[in-house]
Amino acid sequence: MTAIETLLGELKANAERPFAEARAAPPGIYSSEAFLALEKERVFSREWICAGRADAIPERGDYLTFRLVDEPIFIVRDQGGEVRAFSNVCRHRMSLLLAGRGNRKVITCPYHAWSYGLDGRLRHAPWMDASPAFDKRDYCLTRVRCDVWDGWIYVTLDPDIPPPEDLFRPVGEVVTDRYRFADYTETFREEHVWDTNWKILAENFMESYHLFQLHRGTIGNQSRIEEMEMPAGGAVFNYHWITKESDFPLANAHPDCAYLEGEWRRTTALITIYPSHMITLTPGYFWYLSLQPEGAGRVRILYGGGMAPDFINDPRGAEHVAEAKRILDAVNEEDRVGTEAVFNGTRAGLARPGHLSFLERPNFEFCQYLARRITGSTAMPDEPDPL
Ligand code: FES
Ligand SMILES: [Fe+2]
């Protein structure tokens, strides 16, 4: 058996155990180049990958650049107000077109000034009329599949995957609809690269077991482990609930918020939409990561967040936004240190995976998801518990 076959066998065996016997995933999945190649082919090229919030590009011509697996793309709000995605590569001699984010009425290549409309069609190509074989009607930027769901932009290289609205409906029904998430406003969006495997950061986000220790300097004492709930997730997502102390007002419903009642006013949802879209959704603020591998030991992170409308519209809105960002940056830095340490640990020859706690059920479901996608396992989470 080759090393990768052994590794896939270990992953599958772990995913097919009962949860009560489950262990952390085999360490090789975090550092193997062969495993990374399979992830790119069987996971990242075939799933919807989150490119952030649609309200980051509110006006016609607003654009964002993004990398989808290894493809540079851009996402733009077109003349009709639709969100579209294109390859960010010029159809002439293949220069990159756009960088960062901004607004354009026309997209002009920085190299020889071929220019494209917001529909991707080539409008103008200087001096090309003298080339008889050239017809500008033959040229359009390459479209990339793009869709908006619950305020999120998703892009995919897969022509056949069902739309997010169909795939992710259970996420809305079970978790996000009650928060009216589509009405939240994004207040920051950043990109980072950390020295860890993407799955270690994903797994860190989906369990709150580490809060009391790794985050003891920040939010550790604001979440109640004894009140956490980890219902079974589904084929496309996992989630859990935690409740926040009322002395952390930004994580509680705003006094003007009329649609959340009782315990929901202080309940936070932590959601992972597979493979790598992680969301913390509180009644006051939200934040998210969208992860892609930059190599086995490096993760490319889209990191953003924002607030519910009542907090944004509050006279102290700007203060709330700054306060949330300050806390999130501090928490994120603790997670960087923690997940880089885990990556270094998993590379040790003496590393052995231990049993998972009951608080790490989402991690087990994530392992099942990977095993389904990569090894052909049919392991599925148990039926969701009634809420
Ligand atoms: S590469 Fe874009 S115009 Fe030449
Ligand atoms: Fe954390």
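How each quantity is defined
Numbering of residues starts from 1 in every chain and runs along the sequence as written. Lettering for chains starts from A, numbering for ligands starts from 1, and both go in the order in which the items are written. The predicted nature of this model means local features are confined to residues of pLDDT at least 70 and side-chain atom pairs, given and counted, to a pLDDT of 80 or more, with totals for whole chains, interfaces and linings taken over all residues. Hydrogens and water molecules were not included; the side-chain quantities draw on all heavy atoms of the structure. Think of it this way: any DSSP run of H or I at least four residues long counts as a helix, any run of E at least two long counts as a strand, and we number them from the N terminus. Atoms counted for the radius of gyration: C-alpha only. Globule rule: 2.2 Å times the number of residues to the power 0.38. Should any heavy atoms of two residues lie within 4.5 Å, those residues are counted as being in contact. Residue exposure ignores everything except the shown protein chains as possible cover, and the areas themselves are Shrake-Rupley values with a 1.4 Å probe. Only four residue types enter the charge count: Lys and Arg as positive, Asp and Glu as negative, with His and the chain ends excluded. Taken as the charge centre is NZ of Lys, CZ of Arg, CG of Asp or CD of Glu, depending on the residue. Buried residues of nine kinds, namely Ala, Val, Leu, Ile, Met, Phe, Trp, Tyr and Cys, make up a nonpolar core once their side-chain atoms join them within 4.5 Å. Per-residue accessibility, obtained with a 1.4 Å probe over protein chains only, is compared with the maximum for each type, and a residue is labelled buried under 20%, exposed over 50%, and partly exposed between these values. Both cavities and pockets are sets of points on a 1 Å grid over the protein atoms alone; in a cavity a 1.4 Å probe fits but cannot get out, in a pocket the set is open with protein on both sides within 12 Å along at least five of seven lines, and lining residues sit with an atom within 4 Å of a point. Grid points are joined across faces, edges and corners, and a volume is the space filled by probe spheres set on the points. Donor atoms (N, O, S) are those found within 2.8 Å of the metal centre, with the cutoff raised to 3.2 Å for Na, K and Ca; water is not part of the atom list, so apparent gaps in a site can occur. Sites are called tetrahedral only when four donors show all angles between 85 and 135 degrees, square planar or octahedral only when four or six donors show opposite pairs over 155 degrees and all other angles between 65 and 115, and irregular in any remaining case. For two strands to count as paired, DSSP must find a minimum of two bridges between them. The split into domains, and so the bounds of each, comes from an automatic or database assignment of domains. Summed over both partners, the accessible area (1.4 Å probe) lost when two parts come together is defined as the buried area. For helices, the axis comes from a line fit to the C-alpha atoms of the stretch in contact; other axes are also lines fit to C-alpha atoms, and the angle between any two N-to-C directions lies between 0 and 180 degrees.

Undergrad: How do you make sense of the overall build of the protein when you look at a structure like this?
TA: Within the protein, the secondary structure is distributed over nine helices and 16 strands. Taken over C-alpha atoms, the radius of gyration comes to 22 Å for the protein, in line with the 21 Å a tight globule of 387 residues would show. The principal-axis extents of the C-alpha atoms in the protein amount to approximately 75 × 65 × 35 Å. Look at the contacts in the protein between residues 6 or more apart in sequence, and 65% of them connect residues 24 or more apart. For the protein, the computed accessible surface area is about 17,300 Å², with 51% contributed by carbon and sulfur atoms. Averaging the positions of the 43 positive and the 57 negative side-chain charges in the protein gives two centres separated by 5 Å.

Undergrad: What should I look at first to understand the nonpolar core in this one?
TA: A general tendency of soluble globular proteins is for nonpolar side chains to be buried together. Core analysis: the biggest nonpolar cluster contains 97 residues, and Ile-75 and Val-155 have the highest contact counts within it. Beyond its immediate stretch of four places on either side in the chain, Ile-75 contacts Ala-51, Ile-57, Asp-62, Tyr-63, Leu-64, Phe-66, Val-83, Arg-84, Ala-85, Ile-153 and Val-155. In terms of nonpolar packing, the next biggest core, distinct from the first, is built from 17 residues, Leu-98, Cys-109, Leu-118 and Leu-141 among them.

Undergrad: Would you mind going over the layout of surface pockets with me for this structure?
TA: Sizing a probe to match a water molecule and rolling it over the atoms shows the empty space that remains. By volume, the largest pocket is sized at about 570 Å³. Lining the largest pocket are 27 residues, and of these Ile-200, Glu-203, Glu-207, Val-342 and Glu-360 sit closest to its centre. Of all the secondary structure elements, the ones that give two or more residues to the lining of the largest pocket are helix 5 (198-205), helix 6 (211-214), helix 8 (317-346) and helix 9 (361-375). Counting residues per element, the lining of the largest pocket draws most heavily on helix 8, at five residues.

Undergrad: When you look at the coordination of the iron ion (ligand 2) in this model, what are you seeing that I'm missing?
TA: Angles at a metal have ideal values that depend on geometry: 109.5 degrees with four tetrahedral donors, 90 or 180 degrees with six octahedral donors. The protein atoms that coordinate the iron ion (ligand 2) are His-210 (NE2), His-215 (NE2), Asp-335 (OD) and Asp-335 (OD), at distances spanning 2.1 to 2.6 Å. Each of the four donor atoms bound to the iron ion (ligand 2) contributes to angles spanning 54 to 151°, and the resulting shape is irregular. In the primary sequence, the donor residues of the iron ion (ligand 2) line up as H-x4-H-x119-D. Taken as a pair, His-210 and His-215 share a single burial class, namely buried.

Undergrad: Would you mind showing me how to read the pairing of strand 13 (residues 267-273) here?
TA: Sheet faces and side chains relate simply in a regular strand, where the side chains alternate between the two faces. Taking burial as the measure, the seven residues of strand 13 include seven buried ones, the bulk of the element. Burial along strand 13 is two-sided: Thr-267, Ala-269, Ile-271 and Ile-273 and Thr-268, Leu-270 and Thr-272, pointing in opposite directions, are all buried. In this sheet, strand 14 (residues 277-281) lies alongside strand 13 in antiparallel orientation, the contact comprising five bridges. In the strand pairing of strand 14, Ile-271 is matched with Ile-279. Between strand 13 and the antiparallel strand that follows it, strand 14, lie three residues.

Undergrad: Even after reading the chapter, I still don't get the domain arrangement of the protein, so can you show me in this structure?
TA: A common way to express how large an interface is: the accessible area buried when the components associate. Domain parsing of the protein yields domain 1 (3-46 + 166-375) and domain 2 (50-148). The distance between the C-alpha centroids of domain 1 and domain 2 comes to 32 Å. On the side of domain 2, 14 residues touch domain 1, which itself brings 18 residues to the contact. Approximately 1,300 Å² of surface area, both sides summed, lies buried where domain 1 meets domain 2, with 44% of it carried by carbon and sulfur atoms.

Undergrad: It is not clear to me how the sheet that holds strand 3 (residues 71-77) should be interpreted in this structure. Could you clarify?
TA: Two pairing modes exist for strands in a sheet, parallel and antiparallel, and in both the strands are linked by backbone hydrogen bonds. Pairing is antiparallel in the open sheet, where seven strands are placed in the order 1-10-9-4-3-2-5. Both outer strands of the open sheet, strand 1 (49-53) and strand 5 (101-103), are each paired with one neighbouring strand and no more. In this sheet, neighbouring strand axes are inclined to one another by 30° on average, regardless of whether the strands run parallel or antiparallel. Bridge analysis of strand 1 against strand 10 (residues 152-156) gives four bridges, and the strand direction is antiparallel. Each residue of the ladder has a partner; that of Gly-52, found in strand 10, is Ile-153.

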